Amino acid sequence: QVQLVESGGGLVQPGGSLGLSCAASRSIFSCNPMGWYRQAPGKERELVADITRGGSTNYADSVKDRFTISRDNAKNTVHLQMNSLKPEDTAVYYCRCAFYNAINYWGTGTLVTVSL
C-alpha cells in the first residue's frame, strides 16, 4: 500500500505561481506513472499531468507550457510547478500512484484557489 500526502495548495492571484508536492510513504519506484489530477466543483476529476518512472511526461492541453511535473525517486516525492495560473485552475488537486500501473492510490487532496 502507498499513502500519499499532498501539500502546497492555497490562494493565489491570477497570473501567479504555486508549487505542489506529494510525499509517498514508501518507494515510488513502483508508481508508474505518478500523476496529478484535479477536481473542480461540479466537475469530474481530470488528469493534469503524469510522469513515468523514467521521466516521460504527459500534460492536459489546458496546462501545457504552464505546469511542470517532476519526480524524485530517491526522496519519494512528485512535484507540480504551476505558473501563469488562471481562475479555471481552481480545484482540489490530487496525487495518484499507479502501482505497477494496476492499482491506484490517491492522496486526500490539496485545494488551489486562483482569485483576486
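Keep in mind the model is a prediction, meaning the values are calculated, not measured.

Definitions and limits used
Residues numbered from 1 in each chain as written. Predicted model: local features only at pLDDT ≥ 70, side-chain atom pairs only at ≥ 80, totals over all residues. Heavy atoms only, no water. Salt bridge = Lys/Arg side-chain N within 4 Å of Asp/Glu carboxyl O. Helix = DSSP H or I, 4+ residues; strand = E, 2+ residues; numbered from the N terminus. Buried < 20%, exposed > 50% of the residue type's maximum accessible area, 1.4 Å probe, protein only. Disulfide = S-S within 2.5 Å. Lys, Arg positive; Asp, Glu negative; His and termini not counted. Contact = heavy atoms within 4.5 Å. Phe/Tyr/Trp six-rings, centres within 6.5 Å; stacked < 30°, edge-to-face > 60°. Lys NZ or Arg CZ within 6 Å of the ring centre and 35° of its normal.

Draft legend 1. Here's a closer look at the pattern of salt bridges. Scanning the model with the defined rule gives four salt bridges in all. Put simply, Arg-38 and Glu-46 hold a salt bridge, and the shortest N to O gap is 2.8 Å. For the salt bridge of Arg-66 with Asp-89, the shortest nitrogen-to-oxygen distance reads 2.8 Å. Taken together, the positions of Arg-66 in the loop between strand E6 (57-59) and strand E7 (67-72) and Asp-89 in the loop between strand E8 (77-82) and strand E9 (91-99) put the pair 23 residues apart, joining distant regions of the chain. In terms of burial, Arg-66 and Asp-89 fall into one category: buried. Via salt bridges that share partners, Arg-38, Glu-46, Arg-66 and Asp-89 belong to a single interconnected network.

Draft legend 2. Inspection of the state of the cysteines at higher detail. On inspection of all chains with the given rule, the structure shows two disulfides. One disulfide in the model links Cys-22 with Cys-95; its S-S distance is 2.1 Å. The sign of the S-S torsion, about -85 degrees, decides the handedness of the disulfide formed by Cys-22 and Cys-95: left-handed. Here Cys-22, found in strand E3 (residues 18-24), pairs with Cys-95, found in strand E9; they are 73 residues apart in sequence, far enough to count as distant.

Draft legend 3. Seen up close, the side chain of Asp-50. Mapped onto the fold, Asp-50 is located in strand E5 (residues 46-51). It turns out Asp-50 is buried and unbridged, and the closest side chain with the opposite charge, Arg-96, is 5.0 Å from it. Beyond its immediate sequence surroundings of up to four residues, Asp-50 is in contact with Pro-33, Met-34, Gly-35, Ser-56, Thr-57, Asn-58 and Ile-69.

Draft legend 4. Fine view of the side chain of Ser-30. Counting through the fold element by element, Ser-30 comes out in the loop between E3 and strand E4 (31-39). Sequence-distant contacts of Ser-30, defined by excluding residues within four places in its chain, comprise Ala-98, Phe-99 and Tyr-100.

Draft legend 5. Focus on the environment of Gly-55. Its place among the elements puts Gly-55 in the loop between E5 and E6. Along the primary structure Gly-55 and Pro-33 are separated by 22 residues, whereas in three dimensions their C-alpha atoms are 9.1 Å apart.

Draft legend 6. A look at the packing of aromatic side chains. Evaluated as defined, the whole model comprises three aromatic pairs. Arranged with centres 4.9 Å apart and planes meeting at 75 degrees, the rings of Phe-99 and Tyr-100 form a pair that is edge-to-face. Ring centres 5.9 Å apart and planes at 80 degrees place the aromatic pair Phe-99 and Tyr-105 in the edge-to-face group. Like Phe-99, the residue Tyr-105 is buried in the burial classification. The rings of Phe-99, Tyr-100 and Tyr-105 are connected pair by pair, giving a single aromatic cluster. Residue placement shows Arg-45 over the ring face of Trp-106; its charged tip is 4.6 Å from the ring centre.

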